[in-house]
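Here is what each chain is made of, one letter per residue.
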Amino acid sequence: MVSFNTLLLGTLLISMSSLTIFTSSAKVYVVYMGTSTDTDDPNEILLQNHRILSSVHSGSIQEAEASHLYSYKHGFKGFAAKLTADQALQIANMEGVVSVFENQKRSLHTTHSWDFIGLGEKETMEIPGFSTKDQVNVIIGFIDTGIWPESPSFSDTDMPPVPAGWKGTCQSGEAFNSTNCNRKVIGARYYHSGYEAEQHAKLKIEELEKEDDNDDDDDDPRKKVSYRSPRDSNGHGSHTASTAAGRYVENMNYNGLAGGGARGGAPMARIAVYKTCWDSGCYDADILAAFDDAVRDGVHIVSLSLGPDAPQGDYFSDAISIGSFHAVSRGITVVSSVGNQGTKGSATNLAPWLITVAASSTDREFTSRLLMGNGAHLKGESLSVHQMRAPARIISASIANRGYFTPYQSSYCLESSLNYTKTRGKVLLCRHVERSTESKLAKSEVVKAAGGVGMILIDETDKDVAIPFAIPAAIVGKRMGNRILSYINNTRNATARILASNARIGSHPAPRVASFSSKGPNALTPEILKPDVAAPGLNILAAWSPAVGQMKFNILSGTSMACPHVTGIVALIKAVHPSWSPSAIKSSIMTTATVFDKNGKPIRVDPESRRGNAFDYGSGFLDPTTVLDPGLVYDAKPTDYKAFLCSIGYTEKLLHLITRDNSTCKNQPFSTPSSLNYPAILVPNLKSSFSVTRTLTNVQKQRQRTIYRAVVATPHGIQVDVLPHRLVFSRYGQKMNFTITFKISAPSQGYVFGYLQWKNKKSRVTTPLVVRAAPSNLGVVV
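Residues numbered from 1 in each chain as written. Predicted model: local features only at pLDDT ≥ 70, side-chain atom pairs only at ≥ 80, totals over all residues. Heavy atoms only, no water.

Taken verbatim from the UniProt record of the chain, the Sequence similarities (unreviewed entry) comment is "Belongs to the peptidase S8 family." (UniProt positions renumbered as here; feature names shortened; annotations may be inferred.)

Help me understand the UniProt feature "active site" (unreviewed entry) in the chain in this model?
Using the residue numbers shown here, the UniProt feature "active site" (unreviewed entry) corresponds to Asp144, His236 and Ser560. The greatest C-alpha distance among the annotated residues, which extend across 417 residues, is 10.1 Å, indicating that they converge on a single site. Relative to the helices and strands, His236 is located in helix 7 (residues 236-245). What makes His236 buried here is its relative accessible area of 16%. (Helix = DSSP H or I, 4+ residues; strand = E, 2+ residues; numbered from the N terminus. Buried < 20%, exposed > 50% of the residue type's maximum accessible area, 1.4 Å probe, protein only.)

Can you help me understand unusual backbone geometry in this one?
Keep in mind that most residues, glycine aside, have a negative phi and that most peptide bonds are trans. Residues Gly520 and Pro521 are joined by a peptide bond in cis, for which omega reads 5 degrees. Relative to the helices and strands, Pro521 resides in the loop between strand 22 (512-513) and strand 23 (533-536). Omega for the peptide link from Lys530 to Pro531 comes to -5 degrees, which places this bond in the cis form. Within the chain, Cys413 stands out as a residue other than glycine whose phi angle is a positive 55 degrees.

Looking at this model, I keep getting lost on the environment of Val136. Mind explaining?
Assignment of secondary structure puts Val136 in the loop between helix 5 (113-117) and strand 5 (139-144). For Val136, a relative accessible area of 14% corresponds to the buried category. As for Val136 and Lys184, which are separated by 48 residues in sequence, their C-alpha atoms are 9.0 Å apart.

I keep staring at the packing of helix 9 (residues 319-329) against helix 17 (residues 638-647) and nothing clicks. Help me out?
Think of two packed helices as two axes; the pair is described by the angle between the axes and how far apart they sit. Where helix 9 meets helix 17, the axes come as close as 9 Å, and the angle between the chain directions of the two elements is 145 degrees. Taken together, the residues of helix 17 that come into contact with helix 9 (itself represented by Phe325, Val328 and Ser329) are Pro638, Tyr641, Lys642 and Leu645. Its residues assigned to classes, the contact of helix 9 with helix 17 comprises five nonpolar, one polar and one charged. (Axes fitted to C-alpha atoms, helices over the stretch in contact; angles between N-to-C directions. Contact = heavy atoms within 4.5 Å. Nonpolar A, V, L, I, M, F, W, Y, C, P; charged D, E, K, R; others polar.)

What should I look at first to understand the pairing of strand 6 (residues 185-190) in this one?
Each regular strand shows side chains that alternate between the opposite faces of the sheet. When you tally the buried positions in strand 6, you get six out of six residues, the bulk of the element. Across five bridges, strand 6 lies against strand 9 (residues 270-275) in parallel orientation. Along strand 9, the bridge assignment pairs Arg189 with Tyr274. (Pairing = 2+ DSSP bridges.)

So what exactly am I meant to see when it comes to the pattern of salt bridges here?
Side chains that differ in charge, positive against negative, can pair when their charged atoms come close. The tally for this structure, following the rule as stated, stands at 13 salt bridges. Notably, a salt bridge pairs Arg183 with Asp156, separated by 3.4 Å at the nearest N-O pair. Of this pair, Arg183 sits in the loop between strand 5 and strand 6 while Asp156 sits in the loop between strand 5 and strand 6; the two residues are 27 residues apart in sequence, bridging distant segments of the chain. Residue classification places Arg183 among the partly exposed positions, given a relative accessible area of 34%. Lys637 serves as the salt-bridge partner of Asp640, at 4.0 Å between the closest nitrogen and oxygen. The buried category is assigned to Asp640, whose relative accessible area is 16%. A single network of salt bridges, built from pairs that share partners, joins Arg189, Asp293, Arg296 and Asp297. (Salt bridge = Lys/Arg side-chain N within 4 Å of Asp/Glu carboxyl O.)

Sorry if this is basic, but what is going on with the sheet that holds strand 32 (residues 718-723) here?
Backbone-to-backbone hydrogen bonds join strands into a sheet, with any given pair of strands oriented parallel or antiparallel. Strand order in this open sheet of four strands is 28-30-34-32, and the pairing throughout is antiparallel. Strands at the two margins of the open sheet, each flanked by one partner only, are strand 28 (632-633) and strand 32. Sheet topology note: the strand 30 (residues 689-698)/strand 34 (residues 735-744) ladder contains nine bridges and is antiparallel. Of the residues in strand 34, the one forming a bridge with Arg694 is Phe738.

I keep staring at the state of the cysteines and nothing clicks. Help me out?
Working definition: the covalent bond between the sulfur atoms of two cysteines is a disulfide. Considering all chains together, one arrives at four disulfides under this definition. The partner cysteine of Cys413 in its disulfide is Cys430, sulfur to sulfur 1.9 Å. Given an S-S torsion of about -65 degrees, the disulfide between Cys413 and Cys430 has left-handed geometry. Of this pair, Cys413 sits in the loop between helix 10 (407-410) and helix 11 (420-423) while Cys430 sits in strand 18 (residues 427-431), placing them 17 residues apart in sequence. Between Cys646 and Cys665 runs a disulfide, and the two sulfur atoms are separated by 2.0 Å. Because the sign of the S-S torsion sets the handedness, a value of about -80 degrees for the bond joining Cys646 and Cys665 places this disulfide among the left-handed ones. Taken as a pair, Cys646 in helix 17 and Cys665 in the loop between helix 18 (652-659) and strand 29 (681-686) lie far apart in primary sequence, 19 residues in all. Judged by relative accessible area, Cys646 falls into the buried class, the value being 15%. Should the bonded cysteines of the chain be numbered as they appear in the sequence, the pairing reads 1-2, 3-4, 5-6, 7-8. (Disulfide = S-S within 2.5 Å.)

Would you mind going over the side chain of Thr240 with me for this structure?
When you line up the elements, Thr240 lands in helix 7. For Thr240, a relative accessible area of 1% gives the class buried. At 3.1 Å, the side chain of Thr240 and the side chain of Asp144 are in polar contact. At a separation of 3.1 Å, a polar atom in the side chain of Thr240 contacts the main-chain carbonyl oxygen of Gly237. Leaving out residues up to four positions away in the same chain, Thr240 has contacts with Phe142, Asp144, Ser305, Ser560, Met561 and Pro564. (Polar contact = N/O pair within 3.5 Å; in protein donor to acceptor, adjacent residues only side chain to side chain.)

Here it is, written out as structure tokens:
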């Protein structure tokens, strides 16, 4: 099928051959006209849109109004209309028009991430061979920044009554009351005592500037930047909730980008909101109160896209570890994010009872074309809908330094560092410090304020994270950045033109582990693998709070976005297997994950594209098409986690503080944390020989005898023996033990990786093996 994805700003770059694809029939186009300000009159914007349309309809107001679909009047200005290709070309050349692009709808763009990982139905999210209709009885608790209940992602149309076992409440507060809950968002609470105690002040409630000077309705919730209620003024909570359990939305897009249908992983599951996060963060006292209420309210899953900074304190001092321990002990599955520090050993949310999620890419990227004066056509990551009408001179920001700023400082486009005279009318090549907290968006605003018309930002680390820049701009990696810099340094009056962003699918291997995703090993207990699994977390489109930027939807990146993808799959598993324990659910997700991308090649890790391992993606990339029938699971009971705490040195006094029962460390079933029945086996200090025993439970319901055989990919330099080598199951729920023994067979240094797979004709139960030889056993290879 011929596609025409983007009409470029100014004079559209269309070859004569491309023009032949158009006929006189009209299509829907989006006309983008820049940012809307508080002084813009929405009615005047509408009239302006009609005037533009009438000019291409031979002056006919009637034809203009008939072609007009809707106007953008708040977050940005513009309109959508039915136009021929010639009419679109005319409008693109008009004053004030930034860009014109075809409103092409691809199948279920999204949260395209659900299509990418293999779930394609609009609402049912059915997995072949299983019915997930009982997801209407699954309740997910989100500990986050609240929710924007009016979002179409949280509609309760055609949903049955609230499950009878629900004991939660819809807590009233500022711009939020009981009517804001429905059969989709069935409960909402907010917590601020811990926040207020830390801040030594009450929550500061501010008002946004009025959208209209004549609007005196001070009760409009869109004018608040913070709400003393479950209402989301941040956007993060709405985004994560809709990713996991949002209803199908017919036309979700970001400023016209990535338009199409979107939905969460379990669109018919129920949502309960626990707002604990405020502008400055989420505090332990509030998090624990939320866990406490969630357990009482009757949620089945808790999702937390938040966590401590690395290095994480021990389990006893971490509210999420403690709260989730209580939840899991009561059969509630808890899903969390691994963190965004991106470096080795920076993983957080390390408790073995949590499911901890790393972030990966999908096969969709948002790119802007960079047209260099030497004829080179490059591309960079961007969400900018702005576009340069013509080429402009490009310079390094280092030569535009101002006042007391050195060239080195100005090369990073810091605030007030750029000279207006040197910058005016130019494209600036800026740098971004590796893992810096500096805002990339702010850099584009600095360049714009200094008179720049575009920016290319060199950022090797997070180059795949698209940013909605304030001017035409894009992010490139170090290698491409050096290529551009060489062009600038060796060319008199070098030029560049930056085009608007486009969404592209299938242009690169995927999934890849995102560069910002925190990595193992587990710095607290190296015998426990973290992260556990990887899921899409790069450039994810989902619901948003209009209190921020007056947008209904937004694109975000982070392990915060990966976490709810797993949460949605957990809800589907609960719908099909309501009696499964949290550890069985976790095992089904981990043992069915894949370590290969969609091209059948090993998953790579950004930014250097090295081959990944278990410290990058855990057991692998989430595969929702197989999680409902894993064959075998590694199950664990709450008493096993208590034994784990004893094995890592917790005293009975500390154990009691966590469990609040009479648990003791006497006669515990194992003495080392490697013996916890976990779906991954790690031996971080192998001296000569070490054995681990695991228990597998049969969860296949067919009655015939099933035989599994062990297949081992041995870690380099390690001998691995499995006894027995064959497991025979004859009934559902049957348990069988096996012992795996590791011996050093050759010198090795650092961690080495392999896997154990229990295999039959139908199932592949895969377990990561991670081993590090003790220093005393390291030798010299001759």
